[in-house]
Amino acid sequence: MVDRHLSCVLKSKKLPLWKITNMSEKPVRVRFAPSPTGPLHMGGVRTALYNYLFAKKYNGTFIIRIEDTDQTRFVAGAQDYIMESLKWCGIMPTEGPGLGGNYGPYVQSERKEMYKPYAEKLIANESAYYAFDTPEELNLVREQAKAMGMPNWQYNGVTRVSLKNSLTLPADEVAQRLKDGEPYVIRMKMPRNRDVRFEDLIRGWVVVNTNNIDDKVLFKSDGMPTYHLANIVDDHLMEISHVIRGEEWLPSAPLHVLLYEAFGWESPQFAHLPLLLRPDGNGKLSKRDGDRLGFPVFPLEWITEEGELYSGYREKGYIPEAFINMLAFLGWNPGTTQEIFSLNELTEAFTLNRVAKAGAKFDAEKTKWFQQTYLRAKSDIDLGKLLALELTEKHDLSELTAICKLMKERATFVKDIPVEGAYLFSRPTNYDQQTVEKKWKEETTPLMNEWLESLSSISPFDAITIENTFKSFLEVKEMGIGAVLPNFRLLLTGNGTGPSMFDISAFLGKEECIERMKIGLENIIALKA
Ligand code: GLU
């Protein structure tokens, strides 16, 4: 959601590199700051990836901080899920919960006690104030405003003067209320009519007038800071140099800039990444879109407490490097035609100036293409090892390697291999009906018997010798390949199409080929009868 008040996002110009890295001034320290409110959306993974690449590129540090100040939205297992996802993607931070680092703890609820003094500091310098209005009282005011035709009532510089806060109540009453332990929140005292400006590394100059921002709550009555306060305090204490995050946080950035100013701290540089859009470009890619449109939206599978299952790239069989390569291109391009990038190559090529402002459309076909390309680029033996993990029965690695060599051009996922190439594991039990009908003629049965005889005498039984023998057979018979090969394939595999029949025959071995041909002939004759 982009704030309607973000009226004035000026055209960006390309920023010089020194400005983006700020290298001359301080070391690059970037953070990925997810809230553990559920599984990590692939948009979140992309944010983590760009942070990772930026840190690596400038010899900086990539940090993960868990932002769990909103206890009402906490979801058990989400933090572990996030860490496991980053691990699977190969983009682990070097500082974070369980990872060490000198700026911990890296989970905000474990830093709880740290925030209040900062909120009080803002009260002391008159950038914030105590507000004692109860939720019921505020609801009433809101309802009254609505009835008077003002549906978007806000607690702000205009309305605060008639509300119950430390700006309107006498000082001794405020002190008494605090002493009595009356619930309160601490709100930002948003200045009136000021243009807040900051230079976003992707969007250029952003200017927002403070009249459009309400007096945001910084500290809640439950003793916890809100996201805004905790985020700024932690980014400062953790010496974050660049805040690289999703576009949905752009409306919060002016408030953040004002908070840095109120504390008298130097603000990090901001880079707001474009949204991930549905394939048709119509709206943000939501967690429900994926399974509805047939692709995962999450890196790993996730089952909700209600038992609802969201599919994951890992479980679908994606190679993590393919997933990462695809994600890198959702919002960034290298400015060349190269599409396949290892993580190291991405690190080399990545710059924030090549990140787009416009939303990036997810492309399911392209995602499959990345997967196929990565699958094919793997060595046969590596694929064989992956295939072994997919199978319940034990097989020789050399056998699995040979199967992968035969099948990899025809598979998108490793798990397609035993399905597409089931006949490499066991004899066919079915024979493709269409091929039987179209290709198996009256003369085919005697012809195949003759070919069986020729085949039985092939020695050595390797692909080249089988191919040469087959060609001679065609010559002698004065027949085209189309009359013989499909039927040969039918007998050995049960299928109408597949990889080279000479490679398949060599893989199966002479005895097995003979056996399959005999069984196939019997079965097809029976089918035809
Ligand atoms: N906790 C925020 C989120 O869940 C992080 C926003 C930020 O990076 O500042 O996305």
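Note that the structure is a prediction, hence the values are computed from the model and not measured.

### Let's talk about unusual backbone geometry
Part 1 of the argument: The step from Gly-104 to Pro-105 runs through a cis peptide bond, and the omega angle for that step is -5°.
Part 2 of the argument: The residue Pro-105 is located in the loop between helix 3 (78-89) and helix 4 (112-124) in this model.
Part 3 of the argument: In this structure, Pro-460 follows Ser-459 across a cis peptide bond, with omega equal to -5°.
Part 4 of the argument: Positionally, Pro-460 belongs in the loop between helix 18 (444-456) and helix 19 (463-477).
Part 5 of the argument: In this model, Glu-126 sits at a positive phi of 65°, which is unusual for a non-glycine residue.
Part 6 of the argument: Inspection of the secondary structure assignment puts Glu-126 in the loop between helix 4 and strand 4 (128-131).

### Quick look at helix 22 (residues 510-528)
Part 1 of the argument: Here helix 22 spans 26 Å end to end across 19 residues, near enough to the 27 Å set by a 1.5 Å rise per residue.
Part 2 of the argument: Of the positions making up helix 22, those classed as buried are Glu-512, Cys-513, Ile-514, Arg-516, Met-517, Gly-520, Leu-521 and Ile-524.
Part 3 of the argument: Turning to helix 22, the residues buried within the fold contact helix 17 (433-439), helix 18, helix 20 (481-493) and helix 21 (501-508).

### Focus on a positive patch on the surface
Part 1 of the argument: On the surface, Lys-438, Lys-439, Lys-441 and Lys-528 cluster together into a patch of positive charge.
Part 2 of the argument: Relative to the helices and strands, Lys-441 resides in the loop between helix 17 and helix 18.
Part 3 of the argument: Judged by relative accessible area, which is 43%, Lys-441 ranks as partly exposed.

### Concerning the site of the ligand
Part 1 of the argument: All residues adjacent to the ligand are Arg-31, Ala-33, Ser-35, Glu-67, Tyr-227, Asn-231, Arg-245 and Trp-249.
Part 2 of the argument: One nitrogen or oxygen atom from the side chain of Arg-31 is found 2.7 Å from an oxygen atom belonging to the ligand.
Part 3 of the argument: Contact distances for the ligand include 2.9 Å between an oxygen atom and a side-chain N or O atom of Tyr-227.
Part 4 of the argument: Notes on the ligand: free accessible area 300 Å², of which the protein chains cover 85%.
Part 5 of the argument: When each cavity is represented as a set of grid points, the ligand is found to reside in the largest pocket.
Part 6 of the argument: Tallied by class, residues from the shell around the ligand come to three nonpolar, two polar and three charged.

### Quick notes on the layout of surface pockets
Part 1 of the argument: Quantified by volume, the largest pocket comes out at close to 1300 Å³.
Part 2 of the argument: Around the largest pocket, the lining comprises 46 residues; the ones closest to its centre are Ser-35, Thr-37, Arg-73, Glu-248 and Trp-249.
Part 3 of the argument: Of all the secondary structure elements, the ones that give two or more residues to the lining of the largest pocket are strand 2 (29-32), helix 2 (42-57), helix 7 (227-237), strand 9 (242-246) and strand 12 (302-303).
Part 4 of the argument: Looking at the lining of the largest pocket element by element, the count peaks at four residues for helix 2.
Part 5 of the argument: When its residues are assigned to classes, the lining of the largest pocket shows 19 nonpolar, 14 polar and 13 charged.

### Describing the sheet that holds strand 4
Part 1 of the argument: Strand order in the open sheet made by the three strands is 4-5-8, with antiparallel pairing throughout. Two strands close off the open sheet at either side, each with one partner strand: strand 4 and strand 8 (217-219). The average angle at which neighbouring strand axes cross in this sheet is 45°, direction not considered.
Part 2 of the argument: Sheet topology places strand 4 next to strand 5 (residues 185-188); four bridges connect them, and they run antiparallel. Within the sheet, the bridge partner assigned to Ala-131 lies in strand 5 and is Val-185.
Part 3 of the argument: Its contacts with the sheet place helix 4 against strand 4, strand 5 and strand 8, and it is angled at close to 105° to strand 4.

Each value, and the rule that gives it
- Residues numbered from 1 in each chain as written.
- Predicted model: local features only at pLDDT ≥ 70, side-chain atom pairs only at ≥ 80, totals over all residues.
- Heavy atoms only, no water.
- Helix = DSSP H or I, 4+ residues; strand = E, 2+ residues; numbered from the N terminus.
- Expected span 1.5 Å × (residues − 1).
- Buried < 20%, exposed > 50% of the residue type's maximum accessible area, 1.4 Å probe, protein only.
- Contact = heavy atoms within 4.5 Å.
- Patch = residues over 30% accessible without salt bridge, like charges linked within 9 Å, V, L, I, M, F, W, Y side chains within 5 Å.
- Areas by Shrake-Rupley, 256 points an atom, 1.4 Å probe, with all protein chains shown as cover.
- Salt bridge = Lys/Arg side-chain N within 4 Å of Asp/Glu carboxyl O.
- Lys, Arg positive; Asp, Glu negative; His and termini not counted.
- Charge placed at Lys NZ, Arg CZ, Asp CG, Glu CD.
- Near = heavy atom within 4 Å.
- Polar contact = N/O pair within 3.5 Å; in protein donor to acceptor, adjacent residues only side chain to side chain.
- 1 Å grid on protein atoms, 1.4 Å probe; cavity = no way out; pocket = protein on both sides within 12 Å on 5 of 7 lines; lining within 4 Å.
- Sits in = over half its atoms within 2 Å of the grid points.
- Nonpolar A, V, L, I, M, F, W, Y, C, P; charged D, E, K, R; others polar.
- Points joined across faces, edges and corners; volume = space filled by probe spheres on them.
- Pairing = 2+ DSSP bridges.
- Axes fitted to C-alpha atoms, helices over the stretch in contact; angles between N-to-C directions.

Don't take any of this as a statement about function, it's just geometry.
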